[in-house]
Amino acid sequence: DNSKVESTTIELHILDPMLGRRISPLYIGREGLILSRAADNRAVLVESPNGDQGRWIGRIDWATGKLTWLLDDEYINAFPTMNGVGDLAWSRRMNTENRFHLVLETIRGQRIIDDEEGDWILPKFLGNDRLRVFRILDGERHLVELDLRARDPLLTAISLPIVEKGATRALAWQIAATDPT
């Protein structure tokens with residue numbers, strides 16, 4: 001569902017465990033944002049469902065609370081992840097499609113990873129040059145590991161079957177949410 005969300009607000013609270021001071025929170029000035037699973041010591045990634053206008057991905061700076069849009073196009077952009085060198089990976093589809101493909105943005109440019117069949121969702125970096133992603137096809141769900149140094153990562157992919165029947169995006173999200181890393 002890519003319906004606009006009006007009921008969420010985000011505040012950043014600075015923690016001061018040494019002095020115990022109370023510091024005023026930073027309020028993010030846009031409602032309707034959804035926190036992603038991706039964060040590092042500089043920022044957290046968010047999603048903004050915008051109905052027919054796509055789903056955007058933004059970055060909120062921990063120090064300033066400033067929201068910067070990384071993707072603000074007509075696509076449904078979802079499930080962003082980032083690595084330590086600033087690379088970004090996410091799932092993308094058109095509003096009229098029901099299948100996500102994988103997109104990778106690095107300093108070398110943008111790369112689309114897609115087998116033209118499966119639904120590629122919930123990517124997650126392993127270090128700077130490997131990526132794990134769930135692939136759903138015909139009710140089966142696999143955890144696929146991609147070597148991003150390869151010319152064609154699909155040719156060197158390692159695939160582990162996880163669900164043989166009844167795999168859905170909701171089930172993949174439930175499994176991904178239990179991953180502590």
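The coordinates are above.
The present account deals with the structure reproduced in this document. Predicted model only: the values in this text are computed from it and were never measured.

Okay, the side chain of T81 next. Within the fold, T81 resides in strand β7 (residues 76-82). Aside from chain neighbours lying at most four places away, what touches T81 is A38, L45, D87, L88, A89, P123, K124, F125 and L131.

Pairing of strand β5 (residues 55-61) with strand β6 (residues 67-71) involves four bridges; the strand directions are antiparallel. Residue pairing for β6: G58 is matched across the bridge by W69. Here β5 folds back onto β6, and the loop between the two strands holds five residues, one of which, G65, carries a positive phi near 80°.

Attention shifts here to the packing of aromatic side chains. In the structure shown here, the tally under the stated rule is two aromatic pairs. Aromatic side chains W56 and W69 sit 5.3 Å apart centroid to centroid with 75° between the ring planes, which places their arrangement in the edge-to-face category. You can see W56 sitting in strand β5 and its partner W69 sitting in strand β6, a full 13 residues away along the chain. When the ring centre of Y75 is taken as reference, the NZ or CZ atom of R92 above it lies at 4.3 Å. The ring of F134 carries the charged tip of R141 above its face, separated from the ring centre by 4.1 Å.

This part covers the sheet that holds strand β14 (residues 158-163). Sheet architecture is open: four strands sit in the order β11-β12-β13-β14, paired in antiparallel fashion. Unpaired on one side and paired on the other, β11 (119-126) and β14 mark the two borders of the sheet. Put simply, the sheet's adjacent strands are angled 20° from each other on average, direction ignored. Bridge count between β11 and strand β12 (residues 130-137): six bridges; the pairing is antiparallel. Its bridge partner lying in β12, W120 is registered against R135. Where helix α1 (residues 169-177) meets the sheet, its contacts fall on β11, β12, β13 (140-147) and β14, and the angle it forms with β11 comes to roughly 15°.

Of all seven residues making up β7, seven are buried, and the element is well covered by its neighbours. With five bridges joining them, β7 and strand β8 (residues 88-93) adopt antiparallel strand pairing. Counterpart to A78 in the pairing with β8 is S91. Hairpin connection from β7 to β8: five residues lie between these consecutive antiparallel strands, with G86 at a positive phi of about 95°.

To continue, consider unusual backbone geometry. Within the chain, F79 stands out as a residue other than glycine whose phi angle is a positive 60°. Relative to the assigned elements, F79 resides in strand β7. Its identity is not glycine, yet D138 carries a phi of approximately 55°, on the positive side. Here D138 shows up in the loop between β12 and β13.

Two side chains that carry opposite charge are able to pair once their charged atoms sit near each other. Summed over all chains, the structure comprises 11 salt bridges. Salt-bridge contacts for E47 lead to R55; the nearest nitrogen and oxygen are separated by 2.5 Å. Accessibility classification places E47 together with R55 in one group, the buried group. Note that R135 is salt-bridged to E117, the shortest N-O span being 3.8 Å.

Moving on to the nonpolar core. Generally speaking, a soluble globular protein has its nonpolar side chains buried in company with each other. If you look at the biggest cluster of nonpolar residues, it comprises 12 residues: I76, A78, F79, F100, I121, L122, F134, I136, V163, A167, A172 and A176. Counting only elements with at least two residues in this core, the list comes to β7, β11, β12 and α1. In terms of residues, this core owes the most to one element, β7, which gives three residues. Ignoring sequence-local partners within four residues, the contact set of I121 consists of F79, S91, F100, V133, F134, I136, R169 and A172. If you look at the next biggest cluster of nonpolar residues, it comprises 11 residues, including A89, V133, V144 and L148.

Rules used in this analysis
- Residues numbered from 1 in each chain as written.
- Predicted model: local features only at pLDDT ≥ 70, side-chain atom pairs only at ≥ 80, totals over all residues.
- Heavy atoms only, no water.
- Helix = DSSP H or I, 4+ residues; strand = E, 2+ residues; numbered from the N terminus.
- Contact = heavy atoms within 4.5 Å.
- Pairing = 2+ DSSP bridges.
- Phe/Tyr/Trp six-rings, centres within 6.5 Å; stacked < 30°, edge-to-face > 60°.
- Lys NZ or Arg CZ within 6 Å of the ring centre and 35° of its normal.
- Axes fitted to C-alpha atoms, helices over the stretch in contact; angles between N-to-C directions.
- Buried < 20%, exposed > 50% of the residue type's maximum accessible area, 1.4 Å probe, protein only.
- Salt bridge = Lys/Arg side-chain N within 4 Å of Asp/Glu carboxyl O.
- Core = buried A, V, L, I, M, F, W, Y, C linked by side-chain atoms within 4.5 Å.

By themselves, these are just geometric observations and shouldn't be taken as functional.
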